[in-house]
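# Chain and residue survey
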Amino acid sequence: MAHIRAAAGESDLLRELHEFLEYNKEKEDKFCCEIVDPPCKRIRLENVGEGAEDLNQNGALQQTPVADDVNVAMENSTPKVCNVCLGILQEFCEIDFVKKVCQKVNSSEYQFTSFVFSVSLPPQLSVREHAAWLLVKEEMGKQGLSLAKEDIVQLKETYKWIIHPLFSEELGVPADGKSLFEVSVVFAHPETDEDCHFLATVCPDCFKPAKNKQSVFTRMAIIKALDKIKEEDFRKHFPCPPSSPKNICAALEIQCTNGAIFVAGRYNKYSRNLPQTPWIIDGERKLESSVEELISEHLMTAFKADSFNFSSSGREDVDVRTLGSGRPFAIELVNPHRIHFTAMEMKELQQKINNSSDKIKVRDLQLVTREAIGHMKEGEEEKTKTYSALIWTDKAIQKEDIALLDDMKELKIDQKTPLRVLHRRPLAVRSRVIHTMKSEYIDDHHFRLHLKTQAGTYIKEFVHGDFGRTKPNIGFLLKRTADILELDVESVDVDWPPTLND
């Protein structure tokens, strides 16, 4: 493990690495470790090139057997694999490997202006780094020098220092820790998998089974155990220096992903036979489409995304229309390959959605940030909504009979969770406010009621009472049976997203 300070420059880093390798070579001679010349660089690069070529369609590099001619060369020369980095700094810092990875990144047709590089190293590397640190600390102690663990640059950081400028030059964009575009490499070394198993015996409380984890020997668990184990106990179970393996690490997986993009807008729904989201009951789909799907299918295609998540400011029933300026919505597009759209392109995309169906229409379609979506949910229950309800009564009415509703202001009602949604929402009593009502007489048994209410009010239940679960209700106020025939959302008073000029 390199005894390099974090502040070292790139040239100093390379010089000190060479000095350390010479030092490590002398130490291995001292401990009777056989040193032989490594195979020529050309053979090693050919091996890396072949491995990096076998990427699957998702950008993942599959582990492949070493070519026969390379096997012969390695057997003849008996190459020495680094006993600490397991070959990562030997084989995977070469420009040929970088080129192969970048070729696959470019062929995936992602749009990006910077990148962040992440690497997953075999967890047993932490054990080997620890062993190397103990050895170096011991030797420096003999010279009256001290070496704390924080003085050591970890192998993972060393690899990033070396590989970052190579990737940046090849991709033509800077490395940026805050970039949404990530290139990740996962390394594995099956030959030394059992290096860390002794820690589970010495520090069993550090290794607890966890969901979605194939092994308890995670990097974090091993680091926790290494911080806890005594030096003498470690040396009893693991050699210092570590033994050299026969094989180098394998790059099991190379992936690139883009951070999510968020698109917002408002939608109108004109159909009384269209749910907001897919309507599936007991695994069976009830209707062929939904608002969510009619909008998202076009966005998924345009942004070349893997999947999406839809959210909105409230929702309407399948038989309720949403009119006026529409309902605010936002869609998270996961792992988009395309991320740059001009205002004109977004306008064209909006028009394409609107031309595809007469059941919905979107407006103010725009790119937003993840943080901006919070405005859609802020104070959602304090916002107001206006509705238009067509109401039927069993007894004949006159204009005078319903005029009393117009005089009611800030009417407080209590609503138990409606029977129709009790299967998906907890039983509770919710207090809501009907701010204003305005009645419009149609005939002896029908009138239209315009309501402005607190968001979250169940309008249908306020009309028919839901078997007394909403009190008071229109039937109670008019002293007759009332039911709702049609309901429209006329406005959702959420000032988001910003209105765009046509």
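Procedures and definitions
- Residues numbered from 1 in each chain as written.
- Predicted model: local features only at pLDDT ≥ 70, side-chain atom pairs only at ≥ 80, totals over all residues.
- Heavy atoms only, no water.
- Helix = DSSP H or I, 4+ residues; strand = E, 2+ residues; numbered from the N terminus.
- Buried < 20%, exposed > 50% of the residue type's maximum accessible area, 1.4 Å probe, protein only.
- Contact = heavy atoms within 4.5 Å.
- Areas by Shrake-Rupley, 256 points an atom, 1.4 Å probe, with all protein chains shown as cover.
- Axes fitted to C-alpha atoms, helices over the stretch in contact; angles between N-to-C directions.
- Parallel < 35°, antiparallel > 145°, perpendicular 65-115°, else oblique.
- Left-handed = near helix turned anticlockwise from the far one by under 90°.
- Nonpolar A, V, L, I, M, F, W, Y, C, P; charged D, E, K, R; others polar.
- Phe/Tyr/Trp six-rings, centres within 6.5 Å; stacked < 30°, edge-to-face > 60°.
- Lys NZ or Arg CZ within 6 Å of the ring centre and 35° of its normal.
- Core = buried A, V, L, I, M, F, W, Y, C linked by side-chain atoms within 4.5 Å.
- Expected span 1.5 Å × (residues − 1).
- Bend = angle between axes of the 7 residues up to and from the residue.
- pLDDT = per-residue confidence, 0-100.

### Here's the deal with the overall build of the chain
Helix and strand counts for the chain stand at 16 helices and 15 strands. Per-residue burial for the chain yields a buried fraction of 47% across its 502 residues. Long-range contacts, defined here as pairs at least 24 residues apart, represent 78% of the contacts in the chain between residues at least 6 apart. Counting every atom, the chain has about 26,100 Å² of accessible surface; 50% of that belongs to carbon and sulfur.

### Side note on the packing of helix H5 (residues 95-107) against helix H7 (residues 155-171)
Here H5 crosses H7 at 50°, and the two axes come no closer than 10 Å. Accordingly, the angle class assigned to the pair H5 and H7 is oblique. The two elements H5 and H7 meet at a crossing, and its hand is right-handed. Contacts between H5 and H7 pair Phe-97, Val-98, Lys-99, Val-101, Cys-102, Val-105 and Asn-106 from the former with Tyr-159, Ile-163, Leu-166, Phe-167, Glu-170 and Leu-171 from the latter. When the residues that make up the contact of H5 with H7 are grouped by side-chain class, the tally is 10 nonpolar, one polar and two charged.

### Examining the packing of aromatic side chains
Overall, the coordinates contain 15 aromatic pairs when judged by the stated rule. Here Phe-234 and Phe-238 contribute two aromatic rings whose centre-to-centre distance is 5.7 Å and whose plane-to-plane angle is 50°, an arrangement assigned as tilted. With a relative accessible area of 0%, Phe-234 lands in the buried category. Grouping aromatic residues by their ring pairs yields a cluster made of Phe-92, Phe-97, Phe-115, Phe-117, Tyr-159, Phe-167 and Phe-187. Its guanidinium or amino end placed over the ring of Phe-341, Arg-338 lies 3.9 Å from that ring's centre, counting from NZ or CZ.

### Let's talk about the nonpolar core
Counting 35 residues, the largest nonpolar core has Met-437, Phe-447, Leu-451, Ile-474 and Trp-496 as the members making the most contacts within it. Tallying contributions element by element places strand E15 (residues 482-492) first for this core, with five residues. If near-sequence neighbours (up to four positions away) are discounted, Met-437 is found in contact with Leu-405, Asp-406, Met-408, Leu-411, Leu-449, His-450, Leu-451, Phe-462 and Ile-474. Grouped together as the second largest cluster of nonpolar side chains are 34 residues, Val-98, Phe-112, Phe-117 and Val-173 included.

### Describing H7
For H7, with 17 residues, the first-to-last C-alpha span of 24 Å sits near the 24 Å given by 1.5 Å per residue. The largest bend along H7 measures about 30° and falls at Ile-163, with the proline Pro-165 one to four residues further on. Leu-155, Thr-158, Tyr-159, Lys-160, Ile-162, Ile-163, Phe-167 and Leu-171 are the residues of H7 that are buried. Immediately downstream of H7, the backbone of Gly-172 shows phi near 80°, a positive value.

### Things to note about the confidence of the model for the chain
For the chain, per-residue confidence averages 86 on the pLDDT scale, and 83% of positions sit at 70 or higher. Mean pLDDT in the chain bottoms out at helix H2 (residues 41-53), which sits at 38, and peaks at strand E11 (residues 411-416), which reaches 98. Ignoring residues within four places in sequence, the model shows residues 1-9, a span with pLDDT below 50, making 25 contacts including any to other chains. Every residue in residues 30-76 is under pLDDT 50, and counting partners more than four places away or in other chains gives 65 contacts.

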